Amino acid sequence: DVKKFGVSGTLAYVLTELAFWAVAFPVASTALYQTTGHWPDVFNDNSDRAAVLAFIFTGANIARLLVPLRLGAALALAPWVDENIINRGGASEE
């Protein structure tokens with residue numbers, strides 16, 4: 001359970017989610033490129049924007065199947081987050 005790690009667990013979960021979304025947009029853009037033959041123009045073309053969001057939405061729904069894996073990654077990351085982010089610059093070890 002992520003809660004038992006407190007702030008470190010929460011931050012680890014946030015980091016795993018940020019990693020997921022940082023990967024989702026480039027993957028969706030690449031999928032659109034492979035499908036249509038052009039890179040999406042999400043700033044000026046509403047149909048490209050909608051297509052990229054649809055790919056991300058579909059990917060997010062598929063990724064729900066991987067929630068246990070993402071939680072496991074957060075649990076595995078929590079001790080590292082505690083040691084290297086939360087307690088960084090804390091009391092020195094002897």
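Everything quoted here is computed from the prediction, not taken from an experiment. (Residues numbered from 1 in each chain as written. Predicted model: local features only at pLDDT ≥ 70, side-chain atom pairs only at ≥ 80, totals over all residues. Heavy atoms only, no water.)

(A) Broad picture of the packing of helix 1 (residues 6-36) against helix 3 (residues 67-86). Direction vectors running N to C along helix 1 and helix 3 enclose 120 degrees, while the axes themselves pass 7 Å from each other. The orientation of helix 1 with respect to helix 3, classified from their angle, is oblique. As for the relative orientation of helix 1 and helix 3, their crossing is right-handed in sense. On helix 3, the residues touching Val7, Ser8, Gly9, Leu11, Ala12, Tyr13, Leu15, Thr16 and Glu17 of helix 1 are Arg70, Leu71, Ala73, Ala74, Leu77, Ala78, Val81, Asp82, Ile85 and Ile86. (Axes fitted to C-alpha atoms, helices over the stretch in contact; angles between N-to-C directions. Helix = DSSP H or I, 4+ residues; strand = E, 2+ residues; numbered from the N terminus. Parallel < 35°, antiparallel > 145°, perpendicular 65-115°, else oblique. Left-handed = near helix turned anticlockwise from the far one by under 90°. Contact = heavy atoms within 4.5 Å.)

(B) Inspection of the packing of aromatic side chains at higher detail. Considering all chains together, one arrives at two aromatic pairs under this definition. Taking 4.9 Å as the distance between ring centres and 80 degrees as the angle between the ring planes, the aromatic pair formed by phenylalanine 20 and tryptophan 21 counts as edge-to-face. Classification of phenylalanine 20 by relative accessible area gives partly exposed; the value is 21%. With a centroid separation of 4.4 Å and an interplanar angle of 10 degrees, the aromatic rings of tyrosine 33 and tryptophan 39 are classed as stacked. Over the aromatic face of phenylalanine 20 sits the side chain of arginine 70, whose NZ or CZ is 5.0 Å from the ring centroid. (Phe/Tyr/Trp six-rings, centres within 6.5 Å; stacked < 30°, edge-to-face > 60°. Buried < 20%, exposed > 50% of the residue type's maximum accessible area, 1.4 Å probe, protein only. Lys NZ or Arg CZ within 6 Å of the ring centre and 35° of its normal.)

None of the figures reported here should be taken as evidence of function without further support.
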